[in-house]
Protein chains: 2
Amino acid sequence: MAGAPRRRSAGDRRAQLVAIGLELLPTTPVQELTIDEVARRAGISRSLLFHYFASKRDYYTAVTRAAADVLREHLAPRPGLPADEQAAGMLDRYVGWVETYRDAHLAFVRGAAAGDPWVAEVYEETREALVEVTLTALDVPDDTRRRQLLRAWFAFTEDLVSQWVREPSMARAELVELLRGLLTRLLDD
Amino acid sequence: MAGAPRRRSAGDRRAQLVAIGLELLPTTPVQELTIDEVARRAGISRSLLFHYFASKRDYYTAVTRAAADVLREHLAPRPGLPADEQAAGMLDRYVGWVETYRDAHLAFVRGAAAGDPWVAEVYEETREALVEVTLTALDVPDDTRRRQLLRAWFAFTEDLVSQWVREPSMARAELVELLRGLLTRLLDD
DNA sequence: TAGCTTGCTGACCGTTGCTCAGCAAGCCGA
DNA sequence: TCGGCTTGCTGAGCAACGGTCAGCAAGCTA
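Since this is a predicted model, take the numbers as computed values, not measurements.

Q: Can you help me understand the protein's contact with DNA strand C in this one?
A: Near DNA strand C lie 21 residues; those nearest to it are Arg6, Arg8, Arg13 and Ser47 of chain A together with Lys56 of chain B. Here, DNA strand C places atoms within 4 Å of the protein, and 54% of those atoms are sugar or phosphate. For DNA strand C, a base oxygen lies 3.3 Å from a polar atom in the side chain of Arg7 of chain A. For DNA strand C, a phosphate oxygen lies 3.3 Å from a polar atom in the side chain of Tyr52 of chain A. Those elements that place two or more of their residues in the surface near DNA strand C are α1 (10–24) and α3 (46–52) of chain A together with α2 (35–42) and α3 (46–52) of chain B. It is α3 of chain A that provides the largest number of residues to the surface near DNA strand C, a total of four residues. Each residue belonging to the surface near DNA strand C can be placed in one class, and the counts come to six nonpolar, six polar and nine charged.

Structural data, given as structure tokens:
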């Protein structure tokens, strides 16, 4: 600890600060995360943080984007699998994710969604990307109606899984199957 | 204007402050609403606001609750109608509501959802109440599984309608019918 | 050694949430 | 009319926060 280098390269320091934000995110609503606290944890002055991030918003956006990237990577379809198995696989990974992180996940999703417009924007981007990736993974036609339904289905899934984790009202397999069935019914029309 | 009474009764003043908050809510994310601004609009000192509301949180909660009450009242089932017409009526009113308020509604819903735990709590209460009222209005059995599905359906509806208002991807009637059909399918099981 | 780049800090500023002692408006009994 | 009570209301002031800025100093090179 005491032997840690006092001076880091710009890239290292930036990464460290974002990492600290990611650590704090599960326990702290995004906007209650103070610059003071982050700087204290990093063992640096507030001023240095402002050297790397133009503003608090800028820092939050970076942290939120990093969190979103982790989730996206986790949910990404596994190449090589047939289209009809992708949905089940992604759903399974999603439920597993929420099971693992519970409140942390909710805090992230909801916290990102509202809070402030700039963070909401990152969240929006992520959703859009997930819709994109799912549409191609499931190999269904791409039109506005389907996109909207898919997005709404994500909202449904997000909400249902959050509730289910807290109070399982059906078997896990049943939950996944229900969501998968709903998805195909909505998209096949 | 100049003739307005300088001293109001406690109840009047409280109501006035909440009303100002409600006015500001559509254009301002909940937490960007500063005490200074509210006090300025009310023509009083900041200190007085803290006399009526123990803290900023307390004030926000009161405002959010007031907003939620307006929405709840608007969506409430019309007594006397048969159960199977209630869903269509409530959905119609909901879509109309979102059509009218658009971003304001989104700002409220999302803004309330995240932001801060205490406001989220009010939002949670409101959702719970809507689930309750809908279950009885539709006259379906009340169990955990149905409650969770209904809540998730609300999330779906909220999201889909928000998107649809921005970019109508189907006829209005079709939208309402899709939502109503999904609801009955989910609850009848 | 001098000189450069650059990671880094301390002191400072305006704003915001919040406190507190106390003023004063309006109603009372005398 | 006067004193006294309640209570709506204010101004000064504090601590914490986001953000700025001049300048120190670590580490490389010549």
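So much for the structure itself; the text now carries on.
Q: Is there a simple way to explain the nonpolar core in this structure?
A: Buried together is how nonpolar side chains tend to be arranged in soluble globular proteins. In this structure, Trp153 and Phe156 of chain A together with Trp153 and Phe156 of chain B are the most contacted members of the largest nonpolar core, which totals 64 residues. Excluding residues that lie within four positions of it along the chain, Trp153 of chain B makes contacts with Phe156 of chain A together with Leu91, Leu179, Leu182, Leu183 and Leu186 of chain B.

Q: Please explain the protein's contact with DNA strand D as it appears in this structure.
A: Taken together, 20 residues lie around DNA strand D, and Lys56 of chain A together with Arg6, Arg8, Arg13 and Ser47 of chain B are the ones closest in. Between Arg7 of chain B and DNA strand D, the recorded distance is 3.3 Å, taken from a side-chain N or O atom to a base oxygen. Of all the elements in the fold, those that place two or more residues in the surface near DNA strand D are α2 (35–42) and α3 of chain A together with α1 (10–24) and α3 of chain B. In terms of residues, the surface near DNA strand D owes the most to one element, α3 of chain B, which gives four residues.

Q: So what exactly am I meant to see when it comes to the packing of helix α5 (residues 83–101) of chain B against helix α8 (residues 144–166) of chain B here?
A: When two helices pack together, their arrangement is given by the angle between their axes and by how far apart the axes lie. Residues and elements named next belong to chain B. Remark: α5 packs on α8, axes separated minimally by 10 Å, with the N-to-C direction vectors making an angle of 45°. Classified by the interaxial angle, the pair formed by α5 and α8 is oblique. Relative to α8, α5 is oriented so that their crossing is right-handed. Across from Leu91, Tyr94, Val95, Val98 and Glu99 in α5, the residues of α8 making contact are Trp153, Thr157, Glu158, Val161, Trp164 and Val165. Of the residues assigned to the contact of α5 with α8, the class counts are eight nonpolar, one polar and two charged.

Basis of the calculations
Residues numbered from 1 in each chain as written. Chains lettered and ligands numbered in written order. Predicted model: local features only at pLDDT ≥ 70, side-chain atom pairs only at ≥ 80, totals over all residues. Heavy atoms only, no water. Near = heavy atom within 4 Å. Polar contact = N/O pair within 3.5 Å; in protein donor to acceptor, adjacent residues only side chain to side chain. Helix = DSSP H or I, 4+ residues; strand = E, 2+ residues; numbered from the N terminus. Nonpolar A, V, L, I, M, F, W, Y, C, P; charged D, E, K, R; others polar. Core = buried A, V, L, I, M, F, W, Y, C linked by side-chain atoms within 4.5 Å. Buried < 20%, exposed > 50% of the residue type's maximum accessible area, 1.4 Å probe, protein only. Contact = heavy atoms within 4.5 Å. Axes fitted to C-alpha atoms, helices over the stretch in contact; angles between N-to-C directions. Parallel < 35°, antiparallel > 145°, perpendicular 65-115°, else oblique. Left-handed = near helix turned anticlockwise from the far one by under 90°.

The values reported here are purely geometric and, on their own, carry no functional implication.
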